[in-house]
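Listed below are the residues making up each chain.
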Amino acid sequence: MTDEGKAVAHEKGATPEVAAQTESTSGFIAETPGVGVRRGMFGAKGTGDTSGYSGLVAPIVYPGEAQRPYGGWFDLVADGIDDLVERVVIHRGEITFHIAKEKLAEAMSRLRNGQRFEFCAGVSGVHYPADTGRELHAVYSLLSMTHNRRIRVETTTSDADRHLPSLVGLYPTLDWHEREVWDFFGIVFDGHPALTRIQMPDDWPGHPQRKDYPLGGIPVEYKGGTIPPPDQRRSYN
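Throughout this description, residue numbers start from 1 for each chain and increase along the sequence as written. The predicted nature of this model means local features are confined to residues of pLDDT at least 70 and side-chain atom pairs, given and counted, to a pLDDT of 80 or more, with totals for whole chains, interfaces and linings taken over all residues. The side-chain values count all of the structure's non-hydrogen atoms but skip hydrogen atoms and water molecules.

Enquirer: I keep staring at the sheet that holds strand 7 (residues 119-127) and nothing clicks. Help me out?
Expert: Within a sheet, each strand pairs with its neighbour through backbone hydrogen bonds, oriented either parallel or antiparallel. In this scheme, strands are said to pair when DSSP sees at least two bridges between them. Numbered from the N terminus, helices here are DSSP runs of H or I no shorter than four residues, and strands are runs of E no shorter than two. Pairing in this open sheet of five strands is mixed, and the strands run 5-6-9-8-7 from one edge to the other. A single partner strand is all that each edge strand has here, and the edge strands are strand 5 (85-91) and strand 7. Direction aside, neighbouring strands of the sheet carry axes that sit 20° apart on average. Direction of pairing for strand 8 (residues 136-144) relative to strand 9 (residues 149-157): antiparallel, over a ladder of nine bridges. Within strand 9, the residue paired with Leu 136 across the bridge is Thr 157. By definition, residues are in contact when any of their heavy atoms lie within 4.5 Å. Comment: axis = line fitted to C-alpha atoms, over the contacting stretch for helices; angle = value between 0 and 180 degrees taken between N-to-C directions. On top of the sheet, helix 2 (residues 74-81) reaches strand 5, strand 6 (94-99) and strand 9; it is set at about 10° to strand 6, its chief contact. Along the sheet face, helix 4 (residues 174-185) touches strand 7 and strand 8 and points at about 5° away from the line of strand 7.

Enquirer: What should I look at first to understand the packing of helix 2 against helix 3 (residues 104-113) in this one?
Expert: Geometry of a packed helix pair, given as the angle between the helix axes and the separation of the axes. Orientation of helix 2 relative to helix 3, taken along the N-to-C sense of each, is 130°, at an axis distance of 9 Å. Classified by the angle between their axes, helix 2 and helix 3 sit oblique to one another. Two packed elements cross with a definite hand, and for helix 2 against helix 3 that hand is right-handed. Along its contact with helix 2, which presents Val 77, Gly 80 and Ile 81, the element helix 3 presents Ala 107, Arg 110 and Leu 111. Partitioned by chemical class, the residues of the contact of helix 2 with helix 3 number four nonpolar, one polar and one charged. With respect to orientation, any angle under 35 degrees is reported as roughly parallel, any angle over 145 as roughly antiparallel, any angle of 65 to 115 as roughly perpendicular, and every other angle as oblique. We call a crossing left-handed when the near helix sits turned anticlockwise from the far one by less than a right angle, and right-handed when that turn is clockwise. Side-chain classes are defined by residue name, with Ala, Val, Leu, Ile, Met, Phe, Trp, Tyr, Cys and Pro counting as nonpolar, Asp, Glu, Lys and Arg as charged, and the others, Gly among them, as polar.

Enquirer: Looking at this model, I keep getting lost on helix 2. Mind explaining?
Expert: Note on helix geometry: an α-helix contains 3.6 residues per turn, so any two residues three or four positions apart are oriented the same way. Exposure categories follow from relative accessible area, calculated using a 1.4 Å probe and restricted to protein chains: below 20% of the type maximum is buried, above 50% is exposed, and the middle band is partly exposed. Burial in helix 2 covers these residues: Phe 74, Asp 75, Val 77, Ala 78 and Ile 81. Projected down its long axis, helix 2 shows its buried positions confined to an angular sector of 160°, all on one face. Where the residues of helix 2 are buried, they touch strand 5, strand 6, helix 3 and strand 9. The arc in question is the one traced by the directions running from the helix axis out to the C-beta atoms.

Enquirer: Mind showing me how you'd approach the pairing of strand 5 here?
Expert: In regular strands, side chains alternate between the two faces of the sheet. Judged by how many residues are buried, strand 5 sits mostly within the fold: five of seven residues are covered. Pairing of strand 5 with strand 6, which is carried by six bridges, proceeds in the antiparallel orientation. Counted as the bridge partner of Arg 87 is His 98 from strand 6. Where strand 5 folds back on strand 6, the antiparallel hairpin that results is connected by two residues, among which Arg 92 adopts a positive phi of roughly 55°.

Enquirer: How should I be thinking about the pattern of salt bridges in this particular structure?
Expert: Side-chain pairing between opposite charges can occur once the charged atoms of the two side chains come close. Think of a salt bridge as a Lys or Arg side-chain nitrogen and an Asp or Glu carboxyl oxygen that are within 4 Å of each other. In this structure the tally under the stated criterion is 15 salt bridges. Salt-bridge contacts for Arg 68 lead to Asp 82; the nearest nitrogen and oxygen are separated by 3.6 Å. With a gap of 14 residues between them, Arg 68 in the loop between strand 4 (57-61) and helix 2 and Asp 82 in the loop between helix 2 and strand 5 connect regions that are remote in the sequence. With a relative accessible area of 36%, Arg 68 lands in the partly exposed category. The salt bridge involving Asp 183 is made with Arg 197; its shortest N-O contact spans 2.6 Å. Of this pair, Asp 183 sits in helix 4 while Arg 197 sits in the loop between strand 11 (188-190) and strand 12 (218-219), placing them 14 residues apart in sequence. Here Arg 197 falls in the buried class, since its relative accessible area comes to 11%. Taken together, the shared-partner salt bridges in this structure form one network comprising Arg 68, Asp 75, Asp 79 and Asp 82.

Enquirer: Help me understand the nonpolar core, please; the structure alone is not making it clear to me.
Expert: Side chains of nonpolar character tend, in soluble globular proteins, to be buried together. Residues belong to one nonpolar core when they are buried, are Ala, Val, Leu, Ile, Met, Phe, Trp, Tyr or Cys, and are joined through side-chain atoms within 4.5 Å. Formed by 40 residues in total, the largest nonpolar core has its most connected members in Phe 97, Met 108, Leu 111, Tyr 140 and Leu 142. Of all the secondary-structure elements, those providing two or more residues to this core are helix 2, strand 5, strand 6, helix 3, strand 7, strand 8, strand 9 and helix 4.

Structure below.
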């Protein structure tokens, strides 16, 4: 890894140990900062891991940024929102446009009305605790039924802020999806008509799919039972 790459990784909150070189579909080599370290293969610790991979340590890194020409119709879509895009990633033949949250609404409007991406299949939340200042990600899957094309749009917000603009007015299908992301990740979608929990009880503390949420020891309502923490659960070997 070059000294310049280490400086970039350090600036973005990653240590050289969790930064890596990745290659995009276009062939451009980019050094990308890590967003954490994965230990083990399946997440189990102690005697519960019988896979033999408990000592595995691997950096969690993003795919490298792609450079033009992206190829095929990718460039046609990019032309319509080029001034709003932070970076473009092409990985395994699929394209993702990374857009700042302040420009998200405008970009999605252009994609819907100008590029004919009429359908948004949903929004998914992702939590990267080590991605400083960008801990919470929201990923939108778009489909153009007119041109039979699929793309992704990804935006981020910080753990301290947790606010993103609601896109229900543009894509009504996101009504329940934004509620689910709020329920499980705690992202507040400003302008949503009724942002409420849809799976957890209204008074449930925390957001269960965040990586800093405890894995056990939480009382189960209605029955009065409890789920013990992983290190206290029964061993079957």
